[in-house]
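# Topology and contacts: notes
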Amino acid sequence: MFKRKELPYELNALEPFISRETMDYHYNKHHLAYETSLKNNLSDAELPSNIKTLEDLVSNYLSLPKKYHVAVRQFGGGLINHDHYFSILKKDIPFKDGALKKEIENAFESYAIFQEKFIEKAMSVFGSGWTWLVVDRHGKLRIYNTYNQDNPWFLGMKPLIGVDVWEHAYYIDYRNDRKKYLEQIFQILNWDVIEQNYESAMKK
Ligand code: MN3
């Protein structure tokens, strides 16, 4: 029904920033578990006609019977958040001139300040969660945290960059050094995909 997106690169493609071992656990165990748990929990659910895609599901789960809400929030959220996270990482795709660069400079003064603020926000996640650069309901860029597997789609926001700050995302490679992990993530952001995310967010 709802499946993980195929990983768009090899498990070792992000080394040395993210190890093959981390990617193997993250994609093949954690991410798979969200897919499997969602499937099991929705096995007897009849989905209304407004729910066709995973994005529809996490955005509109309140239209399902109440007994499915927690599962969609946890496992549906986990599934879409990880699809997003893996899609926005790749080596050697630099930040470049364009509409998004202009908007980041408008909103945060400079790219350097944006990065600093994003990392600061991600350092403030207590426990497990995510840090996002989103286009909010008013078309403005915002840095936003969600907890557990809550996601910005449900909140009516369009994510451009979502970074997993659960410990499993970095503990093998960086142990308890979340800040180092975040700094390294900024070395491997796939700005081609992030710009596409921005363009499609502004179209809607
Ligand atoms: Mn994760």
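These notes cover the structure that comes with them.

Reading guide: rules and limits
- Residues numbered from 1 in each chain as written.
- Predicted model: local features only at pLDDT ≥ 70, side-chain atom pairs only at ≥ 80, totals over all residues.
- Heavy atoms only, no water.
- Phe/Tyr/Trp six-rings, centres within 6.5 Å; stacked < 30°, edge-to-face > 60°.
- Buried < 20%, exposed > 50% of the residue type's maximum accessible area, 1.4 Å probe, protein only.
- Lys NZ or Arg CZ within 6 Å of the ring centre and 35° of its normal.
- Axes fitted to C-alpha atoms, helices over the stretch in contact; angles between N-to-C directions.
- Helix = DSSP H or I, 4+ residues; strand = E, 2+ residues; numbered from the N terminus.
- Parallel < 35°, antiparallel > 145°, perpendicular 65-115°, else oblique.
- Contact = heavy atoms within 4.5 Å.
- Donors = N, O, S within 2.8 Å, 3.2 Å for Na, K, Ca; no water.
- Salt bridge = Lys/Arg side-chain N within 4 Å of Asp/Glu carboxyl O.
- Pairing = 2+ DSSP bridges.
- Left-handed = near helix turned anticlockwise from the far one by under 90°.
- Nonpolar A, V, L, I, M, F, W, Y, C, P; charged D, E, K, R; others polar.
- Polar contact = N/O pair within 3.5 Å; in protein donor to acceptor, adjacent residues only side chain to side chain.

It is worth spelling out the packing of aromatic side chains at this point. With the rule as written, the count across this model stands at 16 aromatic pairs. Arranged with centres 5.5 Å apart and planes meeting at 20°, the rings of W130 and W132 form a pair that is stacked. Here W130 and W132 have matching classes, each one buried. One aromatic cluster is present, built from ring pairs that chain together F95, F108, Y111, F114, F118, F186 and W191. Of note, R4 hangs over the ring of Y27, and the distance from its end group to the ring centre comes to 4.4 Å.

In contact at an axis separation of 9 Å, helix α4 (residues 99-108) and helix α8 (residues 191-203) are set at 80° when each is read in the N-to-C sense. Comparing their axes, α8 and α4 come out roughly perpendicular. For the pair formed by α4 and α8, the contact residues are A99, L100, E103 and I104 on the first element and W191, I194, E195 and Y198 on the second.

Position of E35 relative to the elements: it lies in helix α1 (residues 20-41). What makes E35 buried here is its relative accessible area of 13%. Residues E35 and S63, spaced 28 residues apart in sequence, show a C-alpha to C-alpha distance of 21 Å. Not counting residues within four places of it along the chain, the set of residues in contact with E35 comprises F2, K3, R4 and L79.

Note on the manganese ion: its protein donors are H26 (NE2), H82 (NE2), D164 (OD) and H168 (NE2). The metal-donor distances range over 1.9 to 2.2 Å. Within one chain, the residues serving as donors to the manganese ion are arranged as H-x55-H-x81-D-x3-H. Here the two residues D164 and H168 agree in accessibility, since each one is buried.

This structure, assessed with the given rule, holds eight salt bridges. One salt bridge in this structure joins K67 and D44, with 3.3 Å as the shortest N-O distance. Within this pair, whereas K67 is found in the loop between α2 (54-59) and α3 (69-87), its partner D44 is found in the loop between α1 and α2, the two being separated by 23 residues in sequence. Neither K67 nor D44 differs from the other in exposure class; each is exposed. Among the salt bridges present, the one from K101 reaches D97, with a minimum N-O distance of 3.0 Å. Residue class for D97 comes out exposed when judged on its relative accessible area of 63%.

So, about the sheet that holds strand β3 (residues 158-164). Strand order across the open sheet formed by three strands is β2-β1-β3, with antiparallel pairing between neighbours. Looking at which strands have only one partner, the edges of the open sheet turn out to be β2 (141-147) and β3. Ignoring strand direction, the axes of neighbouring strands in this sheet form an average angle of 25°. Relative to β2, α4 is tilted by about 80°, and along the sheet it contacts β1 (129-135), β2 and β3.

Packing of α1 against α3 leaves a shortest axis separation of 9 Å and a crossing angle of 145°. For the element pair α1 and α3, the recorded crossing hand is left-handed. Across the interface between the two elements, M23, H26, Y27, H31, Y34, E35, S37, L38 and N41 of α1 pack against A71, V72, Q74, F75, G76, G78, L79, H82, D83, Y85 and F86 of α3. For the contact of α1 with α3, a count of residues per class yields ten nonpolar, eight polar and two charged.

Turning our attention to the environment of N28. Turning to its location among the elements, N28 is positioned in helix α1. Once the C-alpha coordinates of N28 and F118 are considered, the two residues, 90 residues apart in sequence, prove to be 28 Å apart. Those residues in contact with N28 that sit more than four places away from it in its chain are R4, L11 and M23. A distance of 2.7 Å separates a polar atom in the side chain of N28 from a polar atom in the side chain of D24.

Our next topic: the side chain of T146. Relative to the assigned elements, T146 resides in strand β2. A distance of 2.9 Å separates a polar atom in the side chain of T146 from a polar atom in the side chain of W132. Within the structure, T146 has its side chain in polar contact with the backbone oxygen of D150 (distance 2.8 Å). Setting aside chain neighbours within four positions, we find T146 in contact with G129, W130, W132, N151 and L155.

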